[in-house]
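Notes for the structure review
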2 protein chains.
Amino acid sequence: MEADTKKQDGLTKVAVDAMGGDNAPAAVVKGAVEAVSSRSDIKVFLVGQTDAIQKELDRYQYPGAQIEIVEAPEVIEMAEPPVQAVRKKKQSSIVIGMNMVKQKEADAFVSAGSSGAVLVGGQTIVGRIKGIKRAPLAPMIPTETGVSLLIDCGANVDARAEHLLQFAQMGSIYMENVVGIKNPRVAIVNIGAEEEKGNALVKETFPLLSACKEINFVGSIEAREIPRGGADVIVCEAFVGNVILKLYEGLSSTLVGVIKQAMLSTLKSKIGAFLALPALKSRLKTFDASEYGGAPLLGLNGLVVKSHGSSSEKEITNSIYQCVTFRKENIGEIFKEKIADSGKSKEE
Amino acid sequence: MEADTKKQDGLTKVAVDAMGGDNAPAAVVKGAVEAVSSRSDIKVFLVGQTDAIQKELDRYQYPGAQIEIVEAPEVIEMAEPPVQAVRKKKQSSIVIGMNMVKQKEADAFVSAGSSGAVLVGGQTIVGRIKGIKRAPLAPMIPTETGVSLLIDCGANVDARAEHLLQFAQMGSIYMENVVGIKNPRVAIVNIGAEEEKGNALVKETFPLLSACKEINFVGSIEAREIPRGGADVIVCEAFVGNVILKLYEGLSSTLVGVIKQAMLSTLKSKIGAFLALPALKSRLKTFDASEYGGAPLLGLNGLVVKSHGSSSEKEITNSIYQCVTFRKENIGEIFKEKIADSGKSKEE
């Protein structure tokens, strides 16, 4: 899939929610400093409470012109009902950051804050590209062989087949151009490998994906094959995607916990654990998708990236880089040309 | 939840598919021999090709009156389309075993063979209890703290709220009376803990579960909490259940593989692995639901148990014990009284 659209040079402007996530503002500020210190083509707007941000910034040396604080006195808490929060807290870091993207003052917005508020803000403030019917949240999940894009894990449950088709197209373009996987294999989550299996939604979507020439559709994928890297773009509706994502996180952490516990249970196993730990840690690191940044919310007029609530500075830095690639590769324009406009012409 | 129905004494008759599963007939025969050797209240019918079964039986000493071979010359292969296979192969071990349950010649049927054929045969040959709208497949999944029942993982996709209510009731009765968990916590799989979240099906089911006085409904469960043992009975429709089950299996085996690989990667880690292995193995064993037997297909006129295709003799033995408890506790009658009949009286 080659883009007709030109690559974008120059500065990428990223608004970053300095107040979002468990480790904010410290980890966020550090991640931003790291990003601008490594690359001169990035400008970061740290959105949040000026004093708290400045205090963190004072710890570092960095190219001053590349970081700017944007005051946002309010903070949306994790537990707040997202729709009301976005509506009422106009002075929150999430709402102000999203508005910067809307006003084209920033190309992208990164937040490790409330998922719900980021999803709501993305849809209502930044807004969808005309012709894109839904904006899916597409986190990366680690696999035995690398990483896959799981699309959709957002809040738009009860999707229709036409939505899933667009998810597949956007996911494919994203994996190819941002993550750099050539001709990514696209599969739909199903309860068997055969075409006749599945629920009503999958049965309706399958032929649409088969007929779509712009993607490398490889058919159904059973959930068992996902951790083995069975496909690069895993298409499903948001309820199923959310279950996969959460179970992935929960089961990984439970299993690693169980194994740690076992290895500390006897003196002999403790010594064994001590010897095996370095190799184990380095291997498990590759089983960690935060290397690739946060989850993009695709199909909007600008990029919104949702980082994990527990984001480290490294994930923030990687999320900022992700925004740079997204803009340089002109993904928004590709979405418009290849998906939104082509869909429109068919409708007419 | 107390059963009004009397407990059943005497012999439990279990038909076992001697030809089903990767290790058949050897593991199946060995598992059956183990069951009848340990308990005198079981009679096993080994259904399959007499010569192959007899050859395996000849290896063991066992109480002869407790095992009987039932000839079934045909075998349904794993890859066969289930509906046609069940219709055409009338002389297969699965069809003959199911018919024994239907004719009350056996109380239960255990198979490690084709899941599809077991599901189809259960519904079409054994048949549902009158008033039970769907027969869910309910495997056990291991958790940090024990085991949970995941209901439904069967082939009945696109379930309705009234079906999920019956699943919750059957699952609760099963966990309490067969697995022995008092007042089991019942939860519905959802994408958030709040009642207002979820897709249309969950939103419709939630109030039905809340209103059902016969179960200990604890609300929504996010997939992340399942491996932590967040509920004893995990209710969901079959598509989601299948995704959870398959991802559970796939991710566990991938992670354990990754960890093994890491531990064998350096000399130091190899020595560590050698020292830690016994403790690790014994802890991971508890993370293995086959201790509890196979997955019951509930709501039928008799019990059908689907064991893993890779069932060891131990899982077969445990599946047979499971059938004994099911009959002794008179679960079928409890289903009739508490669910099927109560539903009927409401309808009238």
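No experiment lies behind these values; they were computed from the predicted model shown.

Calculation criteria
- Residues numbered from 1 in each chain as written.
- Chains lettered and ligands numbered in written order.
- Predicted model: local features only at pLDDT ≥ 70, side-chain atom pairs only at ≥ 80, totals over all residues.
- Heavy atoms only, no water.
- Helix = DSSP H or I, 4+ residues; strand = E, 2+ residues; numbered from the N terminus.
- Rg over C-alpha atoms; globule rule 2.2 N^0.38 Å.
- Buried < 20%, exposed > 50% of the residue type's maximum accessible area, 1.4 Å probe, protein only.
- Contact = heavy atoms within 4.5 Å.
- Areas by Shrake-Rupley, 256 points an atom, 1.4 Å probe, with all protein chains shown as cover.
- Lys, Arg positive; Asp, Glu negative; His and termini not counted.
- Charge placed at Lys NZ, Arg CZ, Asp CG, Glu CD.
- pLDDT = per-residue confidence, 0-100.
- Phe/Tyr/Trp six-rings, centres within 6.5 Å; stacked < 30°, edge-to-face > 60°.
- Buried area = accessible area lost by both parts, 1.4 Å probe.
- Salt bridge = Lys/Arg side-chain N within 4 Å of Asp/Glu carboxyl O.
- Polar contact = N/O pair within 3.5 Å; in protein donor to acceptor, adjacent residues only side chain to side chain.
- Pairing = 2+ DSSP bridges.
- Axes fitted to C-alpha atoms, helices over the stretch in contact; angles between N-to-C directions.
- Core = buried A, V, L, I, M, F, W, Y, C linked by side-chain atoms within 4.5 Å.
- Left-handed = near helix turned anticlockwise from the far one by under 90°.
- Nonpolar A, V, L, I, M, F, W, Y, C, P; charged D, E, K, R; others polar.
- Least-squares fit on C-alpha atoms with pLDDT ≥ 70 in both.

What about the overall build of chain A?
Of regular secondary structure, chain A possesses eleven helices and eleven strands. Taking 348 residues into account, the globule formula puts the C-alpha radius of gyration at 20 Å, and chain A, at 21 Å, falls close to it. Here the C-alpha coordinates of chain A stretch approximately 65 × 60 × 40 Å along the principal axes. Here chain A holds 348 residues, and 59% of them are scored as buried. In chain A, the share of contacts with a sequence separation of at least 24, taken over all contacts with a separation of at least 6, comes to 73%. Counting only carbon and sulfur atoms, one obtains 51% of the accessible surface of chain A, whose full area is about 14,000 Å². Taking the average location of the 41 positive side-chain charges in chain A and that of its 42 negative ones, the two points are 2 Å from each other.

Notes on the confidence of the model for chain A
When the pLDDT values of chain A are averaged, the result is 91; 95% of them are 70 or greater. Across the assembled chains, the prediction reports ipTM 0.89 with pTM 0.91.

Some points on the packing of aromatic side chains
Under the defined criterion, the tally for this structure stands at six aromatic pairs over all chains. Seen from their ring centres, F326 of chain A and F335 of chain A are 6.2 Å apart, and the 75° between their planes marks the pair as edge-to-face. Measuring from centroid to centroid gives 5.1 Å for F206 of chain B and F217 of chain B, while their planes differ by 75°, and the two rings are edge-to-face. Here F217 of chain B lies in strand β8 (residues 216–221) and F206 of chain B lies in helix α7 (residues 200–211), a separation of eleven residues in the sequence. By relative accessible area, F217 of chain B is classed as buried at 17%.

What to know about the interface of chain B and chain A
Counting residues at the interface gives 50 residues for chain B, matched by 50 residues for chain A. Summed over both partners, the interface of chain B with chain A buries about 4,800 Å², with 76% contributed by carbon and sulfur atoms. Of all residues in chain B, the largest losses of buried area upon contact with chain A belong to I191, F239 and L247 of chain B, amounting jointly to 14% of the total for that side. Viewed at the interface, chain A and chain B are joined by four salt bridges. For E222 of chain B, the salt bridge goes to K246 of chain A, with nearest N and O atoms at 2.5 Å. There are six residue pairs in polar contact (both at pLDDT 80 or more) connecting chain B and chain A. Elements with a contribution of two residues or more to the side of chain B that touches chain A: α7, α8 (238–263) and α9 (267–286) of chain B. With 20 residues, α8 of chain B is the largest single contributor of residues to the side of chain B that touches chain A.

Structural notes on the sheet that holds strand β2 (residues 42–48) of chain B
Residue and element names in this part refer to chain B. Overall, mixed pairing links the six strands, which are arranged β3-β2-β1-β4-β11-β10 in an open sheet. If you trace the sheet from one side to the other, it starts and ends with β3 (67–71) and β10 (295–297), each paired once. On average, each strand axis in the sheet is inclined to that of its neighbour by 25°, with strand direction left out of account. When strand β1 (residues 12–17) meets strand β4 (residues 108–111), the two strands line up parallel, connected through three bridges. Across the sheet, the residue bridging to A15 is F109, located in β4. The strands touched by helix α2 (residues 50–57) are β2 and β3; relative to β3, the strand with the most contacts, the crossing angle is about 160°.

A look at the nonpolar core
Ranked by internal contacts, the top residues of the largest apolar core, which has 172 residues, are L46 of chain A together with L46 of chain B. Residues contacting L46 of chain B, with those up to four places away along its chain left out, are V16, A18, V28, V29, A32, I53, L57, I67, E68, I69 and V70 of chain B.

Quick look at the sheet that holds strand β3 (residues 67–71) of chain A
Residues and elements named next belong to chain A. As summarised here, the arrangement of the six strands in space is β3-β2-β1-β4-β11-β10, forming an open sheet in which the pairing is mixed. Because the sheet does not close on itself, it has two edges, and the strands there are β3 and β10 (295–297). Shown here is a sheet whose adjacent strand axes are inclined to one another by a mean of 25°, direction ignored. Against the sheet, helix α4 (residues 93–102) touches β1 (12–17), β2 (42–48), β3, β4 (108–111) and β11 (303–306), its axis set at about 160° to β4. Along the sheet, helix α5 (residues 115–126) contacts β4, β10 and β11; its crossing angle with β11, the most-contacted strand, is approximately 175°.

Observations concerning the packing of helix α8 (residues 238–263) of chain A against α8 of chain B
A pair of packed helices is captured by two measures, namely the crossing angle of their axes and the spacing between those axes. Direction vectors running N to C along α8 of chain A and α8 of chain B enclose 40°, while the axes themselves pass 9 Å from each other. Considering how the two elements wind past one another, α8 of chain A and α8 of chain B form a crossing that is right-handed. Along its contact with α8 of chain A, which presents F239, V240, V243, I244, L247, Y248, L251, S252, L255, I259 and M263 of chain A, the element α8 of chain B presents F239, V240, V243, I244, L247, Y248, L251, S252, L255, I259 and M263 of chain B. Looking at the contact of α8 of chain A with α8 of chain B, its residues break down into 20 nonpolar, two polar and no charged.

Points about the relation of the copies chain B and chain A
Under the fitted operation, chain B is carried onto chain A by 0.0 Å of movement along the axis and a turn of 180°, and the coordinates agree to an RMSD of 0.0 Å. Each copy turns onto its partner about a two-fold axis. Residues of chain B ranked by C-alpha distance from the rotation axis are headed by G272 of chain B, positioned 1.7 Å from it.

Description of the environment of H163 of chain A
Residues and elements named next belong to chain A. Its place among the elements puts H163 in helix α6 (residues 161–179). For H163, a relative accessible area of 4% puts it in the buried group. When the C-alpha positions of H163 and L300 are compared, they lie 14 Å apart, and in sequence the two are 137 residues distant. With residues up to four places along the chain from it excluded, the contact list for H163 reads K133 and R134. In this structure the side chain of H163 is engaged in a polar contact, spanning 3.0 Å, whose partner is the backbone nitrogen of R160.

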